[in-house]
Amino acid sequence: MATERQLSRRSLLGAAGAGAAGLTVSAAGPAAAASRTADVCVVGAGLAGLTAARDLVAAGASVAVLEARDRVGGRVLNLPLANGGVTEGGGEFIGPTQDRIKALADSLGIATFATYNTGKNLLYKDGRKTPYATDGILGSVPPIDAAGLANAAIVQATLDDLAKQIPVDAPWTAAKADEWDRQTFETWLRANAVIPSAKFLFDVACTSIFSAEPRELSFLFVLFYIAAAGNSSTPGTLERLTETAGGAQELRFVGGSQLVPIRLAAALGDRVVLNAPVRSIAKSGSQYAVTADGTTVTARRVVVAVPPPIAARITYAPALPAARDQLTQRLPMASVGKAIAIYDTPFWRADGLNGQVVSDTGVVSSTFDNSPPDASYGALMGFIEADEARKFDAASEAEVRAAVLKDYVTYFGEKAASPSSFVLQRWNNEVWTRGGPVSVAAPGVLTQYGPALRAPVGGIHWAGTETSTYWTGFMDGAVRSGERVAKEVLAVL
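Residues numbered from 1 in each chain as written. Predicted model: local features only at pLDDT ≥ 70, side-chain atom pairs only at ≥ 80, totals over all residues. Heavy atoms only, no water.

Novice: Before we go on, may I ask you to explain the pattern of salt bridges in this structure?
Specialist: Opposite charge on two side chains permits them to pair, given that their charged atoms come into close proximity. For the coordinates displayed, the defined rule picks out 24 salt bridges. With its nearest N and O atoms 2.5 Å apart, the salt bridge here joins Glu92 to Lys338. Here Glu92 is found in the loop between β5 (86–88) and α3 (99–107), whereas its partner Lys338 is found in strand β15 (residues 336–343), with 246 residues between them in sequence. For the residue pair Glu92 and Lys338, the accessibility class agrees, reading buried in each case. Notably, a salt bridge pairs Arg349 with Asp369, separated by 2.9 Å at the nearest N-O pair. With Arg349 in the loop between β15 and β16 (353–359) and Asp369 in strand β17 (residues 366–369), this residue pair connects regions lying 20 residues apart in the sequence. On the accessibility criterion, Asp369 (0% relative accessible area) is buried. Several salt bridges share partner residues, and in doing so they unite Arg54, Asp55, Arg100 and Glu483 into one network. (Salt bridge = Lys/Arg side-chain N within 4 Å of Asp/Glu carboxyl O. Helix = DSSP H or I, 4+ residues; strand = E, 2+ residues; numbered from the N terminus. Buried < 20%, exposed > 50% of the residue type's maximum accessible area, 1.4 Å probe, protein only.)

Pasting the structure below:
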């Protein structure tokens, strides 16, 4: 049986990885071309699909998981570094009320450590750097003018209060859903964040949370997202979405977040087939034929656990109901990339900085210290988001590297100019994702098409972080959706 290190490397490099009890993750091809039969076929080996498969298998169902990529994890990805370490190219952080991803990681023996948050944040605004503490009245709010700070406090409180009116399982049923879904977040902010410095804070918060501009988002969708940043006993808040300590960025996984899907897949063994993009799902009598490159699975039920725009590219026979198909046409992926510069040491810590920046300029407007828990090397991670991400979709990696390092020098000084290595993940260019971290809803989508989000179509069921009632867009939401859809399927098997 291969070691976990080998499994992780194979997953990263795209080969089949050995699993628990001598089982292996299959790579589709001539040897895997034979048809399979299972109770359930799961499309997608991200956290949602693998969690669903785990629960279905535990209940005694036979399962086949088909994954388009040459690896598991979906939007969760460890990137190998030249120094032998790893860093995360996709989802990486967890925090309070993200109970399901934490429980899953614990069950797999994966430890967490605190995101580095010692020292001061940096505000770069109007060409000036200002260090600031992370324990202010509103958390780590940058030191803007007093009028802007007061306005920001009112706006934040208003957003939290309005979010309390959103039913997380059906935001389109909120009393003012029609009114809120007629406008963009940008329209609402212009009417409420009336001080320019306050508007700046919420613009940065928006791109940091959604990787989308305020003009792209329905205000109802934004309120739902805030409401979803909690659990059944803890209401969601905007602060929990944006903060490090006490927020969604509080913890990271030792060994990288992709260890979670890697270990899930290892336990499932050769039930997971890689390099098998699903092309069609066709009903025949009481069963479905799920046809992928290199293999076909005949199953009683199908779980589609990929982002809505990717699910829309599968051919369905019979055709999906109009509401479901039109929903997927209207939930585009946001735009995001991550750029990580590796240094011999996390030198910014000696300057009393925690590596976190909020900026009004540059290709990277927010950063984190992505160094390992033992600080054996330094890693600066910057998000490239929304409009800035789209500007660089067609750029070479060298061009992106130059632009990112220019920003890092602006924020952290000349030492940032010469990393020992540099890694880049552009999700917009990933053929099986085409953006991230989440599908977003423009005005009119939730109220018109929201009910089709989770509703099964015959024996086809829907999972993925976009379908979660809590922590939509996060790893926790993906796990929750997998647990939910497994119960849904088991109830009708």
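Here the narrative resumes, following the displayed structure.
Novice: When you look at the sheet that holds strand β7 (residues 120–125) in this model, what are you seeing that I'm missing?
Specialist: Sheet strands associate in pairs through backbone hydrogen bonding, adopting either a parallel or an antiparallel arrangement. Taken in spatial order, the 7 strands line up as β8-β7-β16-β17-β18-β15-β19 in an open sheet, and their pairing is mixed. Here the strands that pair on one side only, and so sit at the sheet edges, are β8 (128–132) and β19 (421–426). Within this sheet the neighbouring strands show an average axis-to-axis angle of 20°, counted without direction. For β7 and β8, the ladder comprises 5 bridges, and the chain directions are antiparallel. Residue pairing in the sheet places Leu123 in a bridge with Thr130 of β8. Against the sheet, helix α7 (residues 196–210) touches β7, β16, β17 and β18 (378–385), its axis set at about 110° to β16. (Pairing = 2+ DSSP bridges. Axes fitted to C-alpha atoms, helices over the stretch in contact; angles between N-to-C directions. Contact = heavy atoms within 4.5 Å.)

Novice: Mind showing me how you'd approach the packing of aromatic side chains here?
Specialist: Tallied over the full model, the rule gives 17 aromatic pairs. When the centroid spacing of 5.2 Å and the interplanar angle of 85° are considered together, the rings of Tyr343 and Phe347 count as edge-to-face. Residues Tyr343 and Phe347 agree in their burial class; the two are buried. Their ring planes at 80° and their centres at 4.8 Å tell us that Trp471 and Phe474 sit as a pair that is edge-to-face. Residues Trp471 and Phe474 agree in their burial class; the two are buried. By the ring-pair criterion, three or more aromatic residues cluster together here, those being Tyr124, Tyr343, Phe347, Trp348, Tyr411 and Phe412. Sitting above the plane of the Trp462 ring, Arg324 keeps its charged end 3.7 Å from the centroid. The ring of Tyr116 is capped by Arg349, whose NZ or CZ atom sits 3.6 Å from the centre of that ring. (Phe/Tyr/Trp six-rings, centres within 6.5 Å; stacked < 30°, edge-to-face > 60°. Lys NZ or Arg CZ within 6 Å of the ring centre and 35° of its normal.)

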